[in-house]
Each structure stands twice: as C-alpha cells, then as structure tokens.
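Overview (structure and organization)
Here are the chains, one letter per residue:
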Amino acid sequence: MDTLLSGMQLALDFGVIFYICFGVFVGVLIGAIPGLSAPMAIALAVPLTYHLSPVAAIGFLIGINKGGFFGGSISSVLLNAPGTPEAAATAQDGYPLSQKGKGVKAIKMALYASTFGDIFSTILLIIVAQPIASLALGMGASEICSIIVLALVTIAVLEAGNLIKGILAAAFGLLLSCVGMDPVIAEPRLTFNLYQLEAGIALVPMCIGLLALSELFIQCESLWKHEDGECTDIAALTVSKNKEDNRVSFKEFCSTIKTLFRSSLIGSGIGALPGLGAAIASFLSYGIAKKRSKKPEEFGNGSLEGIAASESANNAVIGSALIPLFTLGIPGNMASALLIGAFVMHGVTPGPLMFEQHGDLVYGVYTSMIIGCIALIIIGMQGILLFGKLLCAPKNILMPIILFICLMGAYMSENNVFSVYIMIVFGIIGYIIKKMNFSFVCLVVGFILGPAFEMSFQQTFITFFYSPELLLERPVTLIVLGITVLFVGSQLILQRKRQC
C-alpha cells in the first residue's frame, strides 16, 4: 500500500501532469500529419527527457503514444489520408461522414472510442502485469532464451508479413547488438577500431535515424518528385450548422457499447502478443464488428459503429503492448521498444525485477497512464478544429524543423558528435530498408533483445552441453521451443501454398 501511494504521489505532481498533457498534445499533432507517427516522435523526444524525473519522462513519452494513435484518425476522417497505418480502417467510415458535413461528429466518435480502448487496456495492464512478472521470476536461463526465440520469430512473421524478410531483419538487429565488448572475454568486437563503439551502438540515435531521418528522406524524395502537395480539402474542416452533426448523442454512444467492449478486448489481446500491431487489431475488429452488426450495410458509408470498432481496438494496443515489456522485458511494438531507452536512461531495466526494485515507479507509470487518458479526452475535445487545420501545414516547412530536431536529439542523447554520425548512417540504412520493405520493428527488437539472448544462450549452452538430459527437467523450455518449431513450420507451409 505504501508503494502504491508513493507511486501515485510521484505521478500527481503538477510538473508530471504538465508533461503528460504536453506529450498528449504533441502526439495528437504529430499523428494528425500524414507521414509522421508516434514512434518517430518518441524517438525524437527520448533525449529531451534526460533531465526529467523517471515518472515524468515515461509519462511524457506514453502521452505522445496515446495522442499519436488518436491523431491518426483526424487526417483519416478529414482527408481520407490516415496519419498512421492503424487509422486506415477509420477512414472507411470517417471520411464518408466528413463528406456529409459530419466530420466533427466522426472525430468525436473516434476520440470517445480511443479513450475507451485506452482505459480498457490500461486497467488490464494493471491487473495482469504483476502476477505474470511473479511467474517470470521463477524462470531460468533456458526458459528466457526460448521465450526470446519465440518472441523474435513471432515478430519476424507477424510484423514483417514475410518469414524470410522478418528473420533477416531480426538477425541484422542481433548482429548490431554484438557491436562492443564481448560479455564473456571482455574483448572488443565489430568496433572497426573505433573506441566510441566499445560501449555498443546507442539505441536512441539509432532509432532516430531509422524512424525519423529515413522518413525525412522519403518525404523529401516525394516532394522532389512532386507527389505530395499542400492540403486543399479545407472544406472538410468546417463545422456544420446542424448541432446534431457536430456531436455524438448519448443514445448513439450507447449503441456502440458492445462493439467498444469487444474491440477493446480484441485489441488488448493482439497488443499483448509481440509483433501483431495496432493495424491488425484495427482491421480485425472492424471486420468482426461488421459481421456482428445489425446494420452491416452502413459500414463503409459512414457508420459510427465502424469508427468505434477500429479506434477502440488500435488504442487498446497501447496499454497491452506494455504487458510483455513490464513482465518479461520484451517490447510488444515499436513504441514500447523505444520506451526501453527511456527506462535505461533513468537507471531502470524493464522486466519482472522492476516490480520489486522500482515498485513506486511502476505505480507512478500506471497513474500517469490514467492521467493521460483523461488528458486525451480533454485535449481532443478542445482542439479538434485546431488539429484539423494544423495537419495542412506545408511539408517544406515541417521537414527542416524535423531535421533540426533529429540533429539535436541525436547529439543530446549521448552528448557527442559521434551519435550524430550514427544517426546519419542509420538514416541511410532505414531509407534502404523502407525501399526493400523490411521491418523496422524486427530490427529494433532484435537489437534490444540481443544482449539478453546472448547471455541466456551462453548460460543454457554451458549448462546443457555436457548434460543434455537435464533439458527434460525444463518442461517450459521444451514447450516454448515446440511452439516455435510448429509456428515456423506452419508459416512455411502457408508461404508455399501462396506461391503455388
């Protein structure tokens, strides 16, 4: 109880609340602009949290994530151009409503559904995280190694959509994690005689390059080819003279309650599985809602139920994606992978021990997530028209600002120019990866889990090399490895069938 009260006290500080609200505002703004995303904003913001308290830093970054997920629905509704991939399903009903002069109504429904799904998954995280972490504490090196292998394979298949490309991206991430000092013999490896690499590749400048700088290259290329112009659909931002077209009535909201609960549960389940992602949750929930609806013919023509299904599902991923991070130290998506950098920056290693060693921080993060939900509904309601107008900002103005933030963020992350060089190198790598349709998530998760995988693998190898029969005494390890083999086998069979 003392730990709970201490954590709540940390989060209820005025400064912490301000940073959470500011994070939500920034997230909505970034998410509303097509081409930009919450993970990109988080990567840029991580270095800025160095001087903040741990709760304020994590709350600020989670606030960006919350706002970014909702922000993507604004451009989906108004411009039929999803600001984020997971908001694509929202456009199927949001844009038709906007064309009918009910754009504000559609955005408000998206906001209510986003908040509902967010709160649902946050409560789920609070309920299940600590019991799972208690079970994880009883795991040995072999169990941890097998779970990491399963997580990498799952992410490689589900996130990348292609088994070979996904595994190659994850393997490249594992290779990058080997740069630095060998943990056993303490000899430098893959450093190319650069002493700056002896401590390994820094996560933050690497992610800034992969996510933000590479996207900047893509956007500049599209501008150079004149593929993108300024927003011209200004009429979609107008408020209807009919008040009913600008609000979601209590009756209309209640008619979507079953859909909200069902979609939030689907989104939470998918978010807890590493690699599936919010886009899958959104489209899956949308499809199920259409099948279960009493008025399926309205889907695609301006159905509030369709917006509720997609938005509640993709926002439910926010909280549930932190379940594997908090309990096993395994990130569920790109945003939670970037949060590891913030945790480590403040001396905290995500995983089951976090509940014992930093219990007040965990409860502080829980409280900040609830505050973020409240901030989202308030900021979203008050700033609908503002965000709708700002998403039309010309890219030739946004791009130089983002480049400046990239340079400053990379430098501030390690306080040296070498980090800027790392960012530039990975910006080029990220550009190539995007052109070849490889997965960023597989690469980053492989990089993050690399040290833990190497250590647990070495311990497992040493333990069972001379006595392999001891492996029979670790049933969890055998079960997880068996699931991994079956999963890979099924994916190979499906891939062959598709080729035939």
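Here is what the cut-offs are and how they apply
Residues numbered from 1 in each chain as written. Predicted model: local features only at pLDDT ≥ 70, side-chain atom pairs only at ≥ 80, totals over all residues. Heavy atoms only, no water. Helix = DSSP H or I, 4+ residues; strand = E, 2+ residues; numbered from the N terminus. Buried < 20%, exposed > 50% of the residue type's maximum accessible area, 1.4 Å probe, protein only. Contact = heavy atoms within 4.5 Å. 1 Å grid on protein atoms, 1.4 Å probe; cavity = no way out; pocket = protein on both sides within 12 Å on 5 of 7 lines; lining within 4 Å. Points joined across faces, edges and corners; volume = space filled by probe spheres on them. pLDDT = per-residue confidence, 0-100. Phe/Tyr/Trp six-rings, centres within 6.5 Å; stacked < 30°, edge-to-face > 60°. Lys NZ or Arg CZ within 6 Å of the ring centre and 35° of its normal.

Mapped onto the secondary structure, L322 falls in helix α14 (residues 322–328). Classification of L322 by relative accessible area gives buried; the value is 3%. Once the C-alpha coordinates of L322 and P350 are considered, the two residues, 28 residues apart in sequence, prove to be 9.9 Å apart. Those residues within four positions of L322 in sequence are excluded, and the remaining contacts are I62, L125, S336, L339 and M369.

With that settled, consider empty space enclosed by the protein. For the structure shown, the criterion picks out 3 cavities of 30 Å³ or more. Reported here for the largest cavity is a volume of approximately 60 Å³. In this structure, the largest cavity is lined by I42, L61, I62, N65, I318, A321, L322, N333, A335, S336 and L339. Secondary structure elements with two or more residues in the lining of the largest cavity: α4 (54–79) and α15 (334–345).

Looking at the protein, pLDDT values average 80 and 87% of them are 70 or higher. Confidence, expressed as mean pLDDT per element, reaches its minimum in the protein at helix α18 (residues 384–390) with 70 and its maximum at helix α17 (residues 359–382) with 89. A low-confidence stretch, residues 228–236 (pLDDT under 50), is modelled with 14 contacts involving residues beyond four sequence positions or located in other chains.

Here we come to the packing of aromatic side chains. With the rule as written, the count across this model stands at 13 aromatic pairs. Residues F22 and F60 carry aromatic rings whose centres are separated by 6.0 Å and whose planes lie at 5 degrees to one another, so their mutual orientation is stacked. Of this pair, F22 sits in helix α2 (residues 14–32) while F60 sits in helix α4, placing them 38 residues apart in sequence. The class for F60 is buried, based on a relative accessible area of 7%. Members of the aromatic cluster, each reached through a chain of ring pairs, are F18, Y19, F22 and F60. Positioned above the aromatic ring of F438, the side-chain terminus of K165 is 5.4 Å from the ring centre.

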